[in-house]
Amino acid sequence: MDLWYTENHTEEARFSIKIDKQLVSLQSDFQRIDIFESKEFGRILTLDGYLMVTEKDEFIYHDMITHVPMATNPGIKKVLVIGAGDGGTVRELLRYKTIEDIDMVEIDEEVVKVCKEYLPVTACGLTDERVHLYFEDGLKYVRRYENKYDLIIVDSTDPFGPGEGLFTKEFYGNCYRALREDGILVNQHESMYYSSYAASMKRAHQRIKDSFPIAKIYQAHIPTYPSGHWLFGFASKKFDPVKDLDEDRWNQLGLKTRYYNTDLHVGSFAIPNYVKEQLESE
């Protein structure tokens, strides 16, 4: 019997992975959580049927969402991570000895529990003493703080369901206030390839630009995400991610990464014309 996981990227396009077995299927207060085992991609986490993480290519996403801001400002000490229940973003941040505190706000505690048990490759750092877990709504959490964080990483699900509030103008304004004067905001920015994603990402980018003086887009190739062409947003009160890249200082850290390097850092901000045109159009 063939068992396949299939995600509809649009009504006309689907992506499928052959599955050996299903390890977890549960309904939390917020969403359905599933873990599958596959030969090609290893273990796979899906939320409400949407693919979040695979063991095979998670390193690409987590490298790019963490090392780009950290190489831009290696002096970052206090970080807020919103979402990221699989733990991969926290794992990468913990590689920096200079980071003193990581506050991680995840709305769904069940995601963290499942990932600790079934995805230790990403969740291995969630018990570190520098990590403080808060199980609540990230939108409400960030409202409470001002001038507190050097870096905020929004590692959210798609702009609907539990993650919908993390793509609003109010949320980005609250992030601005919660950041220090040289603070950086990085968020996963979906893909512009399919029109169903492009409209929501264009709105989100415009809202970030309304809140931050510096707002740019960068990219990575992630095979299991819709279209494989994935975008991230970089916003800051002070730092330009290309002009202010501290290449020598980051390379002297000697961190071994599988995707990120400082040459790629610069190149990732050279985005295709079709993406530029969509972001700039009225």
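Reading the values: the criteria
- Residues numbered from 1 in each chain as written.
- Predicted model: local features only at pLDDT ≥ 70, side-chain atom pairs only at ≥ 80, totals over all residues.
- Heavy atoms only, no water.
- Helix = DSSP H or I, 4+ residues; strand = E, 2+ residues; numbered from the N terminus.
- Contact = heavy atoms within 4.5 Å.
- Pairing = 2+ DSSP bridges.
- Axes fitted to C-alpha atoms, helices over the stretch in contact; angles between N-to-C directions.
- 1 Å grid on protein atoms, 1.4 Å probe; cavity = no way out; pocket = protein on both sides within 12 Å on 5 of 7 lines; lining within 4 Å.
- Points joined across faces, edges and corners; volume = space filled by probe spheres on them.
- Nonpolar A, V, L, I, M, F, W, Y, C, P; charged D, E, K, R; others polar.
- Buried < 20%, exposed > 50% of the residue type's maximum accessible area, 1.4 Å probe, protein only.

**Details of the side chain of N73**
Here N73 shows up in the loop between α1 (58-72) and β7 (78-83). For N73, the contacting residues outside a window of four places in its chain are D182, I184 and F239.

**Notes on the sheet that holds strand β3 (residues 21-27)**
The four strands lie next to each other as β3-β4-β5-β6, forming an open sheet whose pairing is antiparallel. This sheet does not close on itself; its edge strands, each paired only once, are β3 and β6 (50-54). Each strand axis lies, on average, 20° off the axis of its neighbour in the sheet, ignoring direction. Note: strand β4 (residues 32-38) against strand β5 (residues 42-47), six bridges, orientation antiparallel. Within β5, the residue paired with I35 across the bridge is L45.

**Topic: the layout of surface pockets**
Of the pockets and cavities examined, the second largest pocket occupies roughly 220 Å³. Every residue along the wall of the second largest pocket is listed here: H205, K209, A215, K216, I217, F269, I271, K276, L279 and E280. Secondary structure elements with two or more residues in the lining of the second largest pocket: α7 (195-211), β12 (214-221) and α10 (273-280). Here the lining of the second largest pocket is built from residues that sort into five nonpolar, one polar and four charged.

**Some words on unusual backbone geometry**
The backbone of N147 shows a phi angle near 55°, a positive value even though the residue is not glycine. Looking at the secondary structure, you find N147 in the loop between α5 (138-143) and β10 (149-155). Accessibility expressed as a relative area gives 44% for N147, which makes it partly exposed. Although it is not a glycine, S227 adopts a positive phi angle of roughly 75°. Judged by its relative accessible area of 31%, S227 is partly exposed.

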